[in-house]
Amino acid sequence: MAADLDLPIVYGIYVPTGELRHVTDVENGKACDCVCPDPHCGQRLIARNAGTKRIPHFAHESGSCAWSAEYLISILAADVITESGSITFPELTFFDEEKGQRVCRSGARRIPMARAELKELSGRQAPDVVVTWRSSSGSERSFAIVFQLRHTVSDDEVKRLSEHVEGVVVVDLRKHMREAKRRMADKHYDRAEMASRYQDKRLIRSFLLEDRPKYKTWAYSALAERLHAESAERKEAAEKRERRRREEKERRRRAKEERLRREREERAERERRRRQGREEEARRAAEERRREAAEERRREEAMRPENYGKYLPTILPLVDQQERPAMDEFGRHWVRCESCGKVAPDREFSLYGGNGRLNLGTCTECMRKRR
Ligand SMILES: [Zn+2]
Ligand SMILES: [Zn+2]
């Protein structure tokens, strides 16, 4: 983001010793013998510590530079951490995909640090404060502390840092300054004075060592990212289990439906066969009745004297022998009348039969005429 704050600095590098010196601890004017703390700038500074209108500060010989304030704060911060041997990390939260909300992994905690160094990792023109924690077994983990005052910390800078450290904590002095300005809205607000306050080890110490959740946040945390990824995996596994459970439920529902459908079909098929059996039986019974009726009609036909002639061709050879009775298919015994020669069933005869004349007799008519 564009630099929108032209901030004075209150420390310079005192050329004879190479150490930081406060503007009130040097000669006024060019005689201060100081240069800008930012080596990329390196301009000679002019101490303005005798004025009454402005607070004591250093001016650049040929115009102020962009990064000197942040450079200076990084140097002071590394000193503060080295001196205290610790830093308070802000609350660490991560988005738990499984719970669908942000959860706290650990509250703000003061952690002992093995060392603090200035390293240029983020690509900013001010160094990053890299603090290193050492476990009892000797393994180390590094974190970067980045101050945001005249320049905001960009996503690209955080990404570059994340390749070197386990976490990036941004100390937002801009926010602190904005709020201070708001609080002092109707009073006298001196930006130069405000800015100079941040170049003060006591204030830097309060930001680094106290829990100031409003101004200190994790811009990156390998742990939070891992926890987030793990929660996403758990969520996916839970969704997979739920999907399988639903699929299994659906499979069982379909199987039950299929079984019921088969049972319904089998019942329908049995019912169809029973009906078919009954129909077949009825058909056979009707056929039988028809057959019996036809047989009955044929028998009745056969019994009529006017139809006797029809049977003669088959019965005559039987009638004209006397070894066996001449029986037709209806069980009638046919006899020949010895008087008129008529051949007819035995009911038309008054007498018939006898030894050697089984199929011979005298018909009722001839017997009547004889009387
Ligand atoms: Zn400078
Ligand atoms: Zn006769």
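For every chain, the first residue of the written sequence is number 1, and numbering continues from 1 onward in sequence order. Here chains are named by letter from A upward and ligands by number from 1 upward, in the order in which they appear as written. Where local features are concerned, this predicted model is filtered to residues with pLDDT of at least 70; where side-chain atom pairs are given and counted, the filter is 80 or more; whole-chain, interface and lining totals use all residues.

Examining the overall build of the protein chain
Here comes step 1: Within the protein chain one finds 8 helices and 19 strands.
Here comes step 2: Its C-alpha atoms give the protein chain a radius of gyration of 62 Å, more than 25% over the compact-globule value 21 Å for 371 residues.
Here comes step 3: Across its three principal directions, the C-alpha atoms of the protein chain cover 190 × 50 × 30 Å.
Here comes step 4: Considering only contacts within the protein chain whose residues lie at least 6 apart along the sequence, 56% involve residues at least 24 apart. For the purposes of this entry, the term helix denotes a DSSP run of H or I that reaches at least four residues, the term strand denotes a run of E that reaches at least two, and both are numbered from the N terminus. To get the radius of gyration, use the C-alpha atoms; to get the globule rule, take the number of residues to the power 0.38 and multiply by 2.2 Å. Contact criterion: two residues are in contact if their C-beta atoms, reconstructed from the backbone, are within 7 Å.

Quick look at the pairing of strand β2 (residues 19–22)
Here comes step 1: Two strands qualify as a pair provided that DSSP identifies no fewer than 2 bridges between them. Two strands pair when backbone bridges link them, and strand β1 (residues 11–14) and β2 are joined in this way by 4 bridges, in the antiparallel orientation. Considered in β2, the bridge of Y14 is made with E19.
Here comes step 2: Hairpin connection between β1 and β2: a loop of 4 residues separates the two successive antiparallel strands, and G18 in this loop has a positive phi of roughly 75 degrees.

Details of the sheet that holds strand β3 (residues 34–35)
Here comes step 1: Pairing is antiparallel in the open sheet, where 3 strands are placed in the order β2-β1-β3. Edge positions in the sheet fall to β2 and β3, since each has one partner strand and no second.

Examining helix α1 (residues 68–84)
Here comes step 1: Taking 1.5 Å per residue, 17 residues should reach 24 Å; α1 reaches 24 Å between its end C-alpha atoms and fits that length.
Here comes step 2: Burial analysis of α1 places 13 of its 17 residues in the buried class, the great majority of the element.
Here comes step 3: Looking at the residues trailing α1, positive phi occurs at G85, about 70 degrees. A helix's residues, less one, multiplied by 1.5 Å, set its expected span. For the exposure call, what matters is how many other C-beta atoms sit within 10 Å of a residue's own: 20 or more marks it buried, 12 or fewer exposed, and in between partly exposed, using C-beta atoms placed from the backbone.

A few points about the domain arrangement of the protein chain
Here comes step 1: Start and end positions for the domains come from either an automated domain assignment or a database one. Domain annotation for the protein chain reports domain 1 (1–66), domain 2 (70–263) and domain 3 (313–370).
Here comes step 2: Each partner contributes residues to the interface: domain 1 has 16 residues there, and domain 2 has 12 residues.

Focus on the confidence of the model for the protein chain
Here comes step 1: Confidence scores labelled pLDDT are given residue by residue by the predictor and lie between 0 and 100. With 98% of its residues at a pLDDT of 70 or more, the protein chain has an overall mean of 91.
Here comes step 2: Ranking the helices and strands of the protein chain by mean pLDDT puts helix α2 (residues 155–162) first, with 97, and helix α4 (residues 191–198) last, with 77.
Here comes step 3: Within the model, pLDDT remains below 50 along residues 1–5, and this stretch shows 6 contacts once partners closer than five positions in the same chain are excluded.

Details of the nonpolar core
Here comes step 1: Only buried residues count toward a nonpolar core: Ala, Val, Leu, Ile, Met, Phe, Trp, Tyr and Cys, linked into one set through C-beta atoms within 7 Å. Residues I73, A77, I81, V129, A144 and I145 are the most contacted members of the largest nonpolar core, which totals 52 residues.
Here comes step 2: Residue contributions to this core peak at 10 residues, all from α1.
Here comes step 3: In this structure, this core is formed jointly by two domains, domain 1 (1–66) and domain 2 (70–263), each of which donates at least three residues.
Here comes step 4: In this structure I145 touches A77, V129, V131, V169 and V171, once residues within four positions along its chain are discounted.

Comments concerning the environment of T362
Here comes step 1: Its location among the elements puts T362 in strand β19 (residues 360–363).
Here comes step 2: Residue class for T362 comes out partly exposed when judged on the 18 C-beta atoms lying within 10 Å of it.
Here comes step 3: Through-space distance from the C-alpha of T362 to that of K181 is 157 Å; in sequence the pair is 181 residues apart.
Here comes step 4: The residues contacting T362, other than those within four sequence positions of it, are C337, E338, S339, F349, S350, L351 and M367.

Details of the sheet that holds strand β11 (residues 128–134)
Whenever strands of a sheet pair, they do so through backbone hydrogen bonds, lying parallel or antiparallel.
Here comes step 1: Read from one edge to the other, the open sheet built from 5 strands follows the order β10-β11-β12-β13-β14, with strand pairing classed as mixed. The sheet is open, and its two edges are formed by β10 (115–119) and β14 (216–221), each paired on a single side. Within the sheet, the average angular offset between the axes of one strand and its neighbour, ignoring direction, is 30 degrees.
Here comes step 2: The pairing of β11 with strand β12 (residues 140–148) spans 6 bridges and is classified as antiparallel. Throughout, an axis means a line fitted to C-alpha atoms (over the contacting stretch in the case of helices), and angles, computed between N-to-C directions, take values from 0 to 180 degrees.

Quick look at unusual backbone geometry
Here comes step 1: Phi at D33 is positive, roughly 60 degrees, even though this residue is not glycine.
Here comes step 2: Checked against the element boundaries, D33 lands in the loop between β2 and β3.
Here comes step 3: Take D33: there are 17 C-beta atoms within 10 Å of it, and that puts it in the partly exposed class.

Looking at the packing of α1 against helix α5 (residues 201–209)
The description of two packed helices rests on the angle between their axes and on the distance between the axes.
Here comes step 1: Look at α1 against α5: their axes get within 9 Å of each other, and the N-to-C directions meet at 65 degrees. Relative to α5, the element α1 lies roughly perpendicular. Considering how the two elements wind past one another, α1 and α5 form a crossing that is right-handed. Across the interface between the two elements, I73, L76, A77, D79, V80, I81 and S84 from α1 touch K201, I204, R205, L208 and L209 from α5. Oblique is the label for any angle not covered by the other classes, which are roughly parallel (under 35 degrees), roughly antiparallel (over 145) and roughly perpendicular (65 to 115). Helix crossings get a hand from a simple test, with the near helix turned counterclockwise from the far one by less than a right angle marking a left-handed crossing and a clockwise turn marking a right-handed one.

Some details on helix α7 (residues 308–319)
Here comes step 1: Counted at 1.5 Å a residue, the expected span for α7 with its 12 residues is 16 Å, but the 14 Å between its end C-alpha atoms falls short.
Here comes step 2: The buried count for α7 comes to 1 of 12 residues, which makes it a mostly uncovered element.

Overview of the environment of Q101
Here comes step 1: Among the structural elements, Q101 can be located in strand β8 (residues 101–106).
Here comes step 2: Taking the C-alpha atoms as reference points, Q101 and N307, 206 residues apart in sequence, are found 110 Å from one another.

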